[in-house]
Amino acid sequence: MGAPPIPPTSDQVAQKLASLKLSLDPEINYALDSMFPKIEGWFANGPVKKKAKLIHLLEPTLIELLKPNERVLFVAKGVQHSFVESMFMGAMWAAMLNQMAFVLTSDRVLMIRTDTRGNPKHQFWVIYYSEVDDIKTSWTGAVQLKLLDGKKPSFGGFPKADRAAMKAVFDTVLREHEESGYTPDASQSMETLCCHCYDAVPEQSFACVTCGTTFWKPMELSLRSLLFPSWGDILMKHYLFASMEMFGYLIGLTIVIIMLTNSDGPDELIGGIAALAIFLLFAHGVDAMLTYMVGRKGLYPRTAPTKQIEQLD
Ligand SMILES: [Zn+2]
């Protein structure tokens, strides 16, 4: 353990980006000195290029999300932890569905669901700094937020260099906000944003009052998955996961039906019927439960906006 590295200056970062032929959108106000924690030394170029690539993918969305004068302090991508999802879907699938880009700005934390490369999906959250009680990083690489409403979302999978840097930026901006006393209203600490107009959609609400977009209720998604496994996932646009699930379901169903039709005598027939019942209960039930859990974590659009979005600020 040595002393923490001295962060580079904005000029040094700008030079580094130019030397690597990387450029960021001049329309966005970036704090370059905190965006790239390490630009010198062996193997520094790879992470710099990787982060610039992530920022590029997020920029069109950021231009719509950011308010005038909002300054971007830090960007990183991690994975939101979910123990139950990892257990029932497998860690790989759960990680694929829970990719999250973090954008720490001068005003708030913007969180954007992405695919594994960093392309934004249709889910957004905001956390105001006044809603953050504490941020912890563990030796395993996990970053845990302790929020004022009692929730403790935990994230992993950040590049190593980003973990310490993100905590440092967080700590500084939290202190500044505490001193400023800026406490915007929020219905929950991790406030969900509408995917069309980016206005807050309060907790337990499934329609955006600003633009009229409506969203699926978790129970509506769950009941569809209960009727037909993967239906809820299709509605949430998790197409790859849904097709994998449907494939597994049809294979399982084929196997128990073959067992049933090949049964010899009443004992085997009863066994086959029992196997079919257990299979159906498990496949439909587990999918309904998982769909409910995934469905309540964010908003999934059901109907398109009814009002034209004018220039919002
Ligand atoms: Zn809206």
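Residues numbered from 1 in each chain as written. Predicted model: local features only at pLDDT ≥ 70, side-chain atom pairs only at ≥ 80, totals over all residues.

### Observations regarding the nonpolar core
A general trend in soluble globular proteins is that nonpolar side chains are found buried together.
Argument step 1. Counting residues in hydrophobic clusters, the biggest one holds 59 residues, and the most contacted among them are Phe74, Val75, Val103 and Leu104.
Argument step 2. Lining this core are residues from two domains, each supplying at least three of them: domain 1 (10-193) and domain 2 (218-303).
Argument step 3. With residues near it in sequence (within four places) discarded, Val103 still touches Leu58, Leu62, Val72, Val75, Leu110 and Ile112. (Core = buried A, V, L, I, M, F, W, Y, C linked by C-beta atoms within 7 Å. Buried ≥ 20, exposed ≤ 12 C-beta atoms within 10 Å, placed from the backbone. Domains from an automatic or database assignment. Contact = placed C-beta atoms within 7 Å.)

### Section: the pairing of strand β5 (residues 120-128)
Argument step 1. Across 6 bridges, the pairing between strand β4 (residues 108-114) and β5 is antiparallel. Across the sheet, the residue bridging to Ile112 is Phe124, located in β5.
Argument step 2. Counting the residues in the hairpin turn of β4 and β5 gives 5 residues, including Gly118, whose phi is positive at 120°.
Argument step 3. The pairing of β5 with strand β9 (residues 191-193) spans 3 bridges and is antiparallel. (Pairing = 2+ DSSP bridges. Helix = DSSP H or I, 4+ residues; strand = E, 2+ residues; numbered from the N terminus.)

### A few points about helix α3 (residues 45-65)
Argument step 1. Here α3 is 21 residues long and its end C-alpha atoms lie 29 Å apart, about the 30 Å a rise of 1.5 Å per residue gives.
Argument step 2. Where α3 bends most, the angle comes to about 50°, and this point is Glu59, followed within four residues by the proline Pro60.
Argument step 3. Taken as a whole, α3 has its buried residues at Val48, Lys51, Ile55, Leu58 and Leu62.
Argument step 4. Among the structural elements, α1 (10-19), β2 (71-80), β3 (99-105), β4 and β5 are those in contact with the buried residues of α3. (Expected span 1.5 Å × (residues − 1). Bend = angle between axes of the 7 residues up to and from the residue.)

### Topic: the domain arrangement of the protein
Accessible area lost upon the coming together of the parts is a frequently used measure of interface size.
Argument step 1. The assigned domain composition of the protein is domain 1 (10-193) and domain 2 (218-303).
Argument step 2. Here the C-alpha centre of domain 2 lies 35 Å away from the C-alpha centre of domain 1.
Argument step 3. Domain 1 puts 10 residues into the contact, and the matching count from domain 2 is 9 residues.
Argument step 4. Looking at the side of domain 1 that touches domain 2, the elements that each hand over two or more residues are α4 (83-89), α5 (91-97) and β5.
Argument step 5. Residue contributions to the side of domain 1 that touches domain 2 peak at 4 residues, all from α4.

### So, the pairing of β3
Argument step 1. The element β3 is extensively covered by neighbouring structure, given that 6 of its 7 residues are classed as buried.
Argument step 2. One ladder, built from 7 bridges, connects β2 with β3; its direction is antiparallel. Each residue of the ladder has a partner; that of Lys77, found in β3, is Ala101.
Argument step 3. Note that β3 and β4 share 5 bridges and pair antiparallel. Bridge pairing in β4 links Ala101 to Ile112.

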